[in-house]
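# Analysis of the macromolecular model
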Amino acid sequence: MTTLRTEPVQRGLEALARSGLEWHAFAEEATELLGAAVPYDAACIGPVDPDTGLLTGSVKRNLGDEMDAEFLRHEYVTDEVNLFLALARRERPVGILADDTGGDPRRSSRHRDVFVPHWALDHEMRATALADGTPWAAVALYRSGAAGGFSPAEADFLGRVSRTIALGVRAGLVTAVPAPGAEGAGATPVPGPAVLVVEPDDSVSRLSPAAEARLAELGGSGWGALPNPVAAITAAARALGEGRLGTVPRLRVRTPAGEWLVVHAAPLTGPDGSPRQVVVTIEEARPPEIVPLVVAALGLTGREQEVVAAVLQGESTQEIGRALHLSPWTVQDHLKAVFEKAGVGSRRELVARVFFDHYAPRLGDRIAPGGFFAGA
C-alpha cells in the first residue's frame, strides 16, 4: 500500500469529518473513501455509546439487515475474537481476524455462522474508532476469499484514520438531532422531558405533550390518578418545601416495557404564601444512570457496583484492581459474587444483559449528540 493511495484518502476523510454531515451521510461517504485505500467487498460503520462502547446503529455497504439480530448475538453473547469492546482497549484499536485467530478464523463464531455461510465473506478487519480515548464508532471491512486477506499495512492505515472517523461520527450526531420544533423534524416525537404541574389537592393543572404518555407508561393518567412514583415524589417535594427534607427529591423507576426513567420534583414558591404547587419532570435515564440502576437492581454492594461498571467498560482484572486499589484475587471474588447475584456465568453474559435490555430494542432510533438514543 503506497503513500499515493493512502494520503489522498486520509485528507478526504479529514475534510469529510469537518463537513457538517449528519452521521448516516458521513458513514456512507467514509466507507466509500476507505475503499479507495483498502479495497473491500462489504463494509459497515456504526456509532457506539461513548459511555459504554455498545453499538447504537449502523450504515452498511453490500450487507443486508436480515442478519442483524444474529450478528448482535455473536458480538455480545457467543463470540470472543476481536470484539469492538476489546479492540477499544488496545494501543492500536484494530484487528485482522486471520491474524488474531492464528490463521483459523473459524474460531470466531460470527465468521463461522454468519459472514461465511450467509455472504461468502472470508476475511475481516475491524476497528473501534476513538477520539480523546473515548469510543464513538465501530468499523468493519470484509473481503471474499478470492479477494485475499487484509495486510498489516492496511491495518496501520485504518488505525491512523480511526480517530478521524470517530470525530466525523461525533460531529454528525450533533447534526442529526433536530432542535425541538425545528423544521424538518418530521413525525418522530421531539426528545425531551415530560413536565407536569401538580396542585395541592394532587390534581394536575398543566401538562406537557410528552407527559401524558409517560404517566400512562407508569400506570397513571395526567387527568386522573397519578402513578405511584409520581405521587410519592410529589409528596417528597412538599416535604422539601416545608423544610422536612434536605435535598431535591429524585427517583429512578423502570416501566413495564423495561425502560428506565428518572423522575424529579420541586415545590413552586408563590408571592402570597398559598399552598405550594409541585413541578414534576420525567425523562429517560441516560447510560450513566442506567448502568448503576442495572447493577443496583441486582442487590450489589457499592464495591461490587464499581467492579461491574469497570467490566462494562471492558477493563481487565488487573486494570480494575489498579483503579480500585484491590488485588486481582479480590476483584475475582467480587466478580464471583456479582455473577451469582445476577444469575450469569461470565463478564460477557453481564455485558449482554445490559445490551439486550437497554440497547437492542432501540437500534434504529435517532441518536442524541451525547451518543445515546435521542428519546422516545
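Every chain begins its residue count from 1, and numbering advances along the sequence as written. It should be noted that, the model being predicted, local features are given only for residues of pLDDT at least 70 and side-chain atom pairs only at 80 or more, the latter also being counted only at that level, while totals for whole chains, interfaces and linings use all residues. Hydrogen atoms and water are omitted, and side-chain values are computed over all heavy atoms in the structure.

## Considering the overall build of the chain
Put simply, the rule is: Numbered from the N terminus, helices here are DSSP runs of H or I no shorter than four residues, and strands are runs of E no shorter than two. For every residue, the accessible area obtained with a 1.4 Å probe (protein chains only) is divided by the maximum for its type, and the residue is called buried under 20%, exposed over 50%, and partly exposed between those limits. We call two residues contacting when some pair of their heavy atoms lies within 4.5 Å. Computed with the Shrake-Rupley method and a 1.4 Å probe, the accessible areas treat only the protein chains shown as cover for residues.
What the chain contains, in helices and strands, is 14 helices and ten strands. Per-residue burial for the chain yields a buried fraction of 46% across its 376 residues. A fraction of 61% describes how many contacts in the chain between residues 6 or more apart in sequence connect residues 24 or more apart. Approximately 17100 Å² of the chain is accessible, and the part contributed by carbon and sulfur atoms is 53%.

## So, the sheet that holds strand β2 (residues 59-61)
The condition that has to hold: Strands are labelled as partners when DSSP assigns at least two bridges between them. To get an axis, a line is fitted to the C-alpha atoms, and for a helix only the part in contact is used. The angle between two axes follows their N-to-C directions and goes from 0 to 180 degrees.
Strand order in this open sheet of five strands is β2-β1-β5-β4-β3, and the pairing throughout is antiparallel. If you trace the sheet from one side to the other, it starts and ends with β2 and β3 (94-96), each paired once. Neighbour-to-neighbour, the strand axes of this sheet turn through a mean angle of 10°, independent of strand direction.

## Thoughts on the pattern of salt bridges
Test applied: In what follows, salt bridge is the name for a side-chain nitrogen of Lys or Arg lying within 4 Å of a carboxyl oxygen of Asp or Glu.
Applying the stated criterion across every chain yields a total of 20 salt bridges. The salt bridge partner of D100 is R90, with a shortest N-O separation of 3.4 Å. With D100 in helix α5 (residues 97-100) and R90 in the loop between α4 (84-87) and β3, this pair connects stretches of sequence that are ten residues apart. For E217, the salt bridge identified is with R214, shortest N-O distance 2.8 Å.

## Concerning the environment of P369
Along the chain, the position of P369 falls in the segment after α14 (347-358). For P369, a relative accessible area of 37% gives the class partly exposed. As a C-alpha pair, P369 and L173 span 196 residues in sequence and 4.8 Å in three-dimensional space.

## Focus: the side chain of H111
Residue position: H111 is located in helix α6 (residues 109-119). The residues contacting H111, other than those within four sequence positions of it, are L97, P105, R106, V116, P117, L121 and D122.

## Comments concerning the packing of aromatic side chains
Note the following rule: Only centres within 6.5 Å qualify two rings of Phe, Tyr or Trp (six-membered ring in Trp) as a pair; their planes then separate them into stacked at under 30 degrees, edge-to-face at over 60, and tilted for everything else. Counted as over-ring charges are cases with an Arg CZ or a Lys NZ within 6 Å of the ring centre that also lie within 35 degrees of the ring normal.
Considering all chains together, one arrives at seven aromatic pairs under this definition. Seen from their ring centres, F355 and F356 are 5.1 Å apart, and the 90° between their planes marks the pair as edge-to-face. Note on F355: relative accessible area 0%, which makes it buried. What makes F356 partly exposed here is its relative accessible area of 32%. Of note, R126 hangs over the ring of F84, and the distance from its end group to the ring centre comes to 3.7 Å.

## So, the confidence of the model for the chain
Put simply, the test is: Summary of the metric used: pLDDT quantifies the predictor's per-residue confidence within the range 0 to 100.
Taken as a whole, the chain shows an average pLDDT of 84; of its residues, 87% reach a score of 70 or greater. Taken as a whole, residues 177-191 scores under 50 in pLDDT and shows 15 contacts with residues more than four places along the chain or in a different chain.

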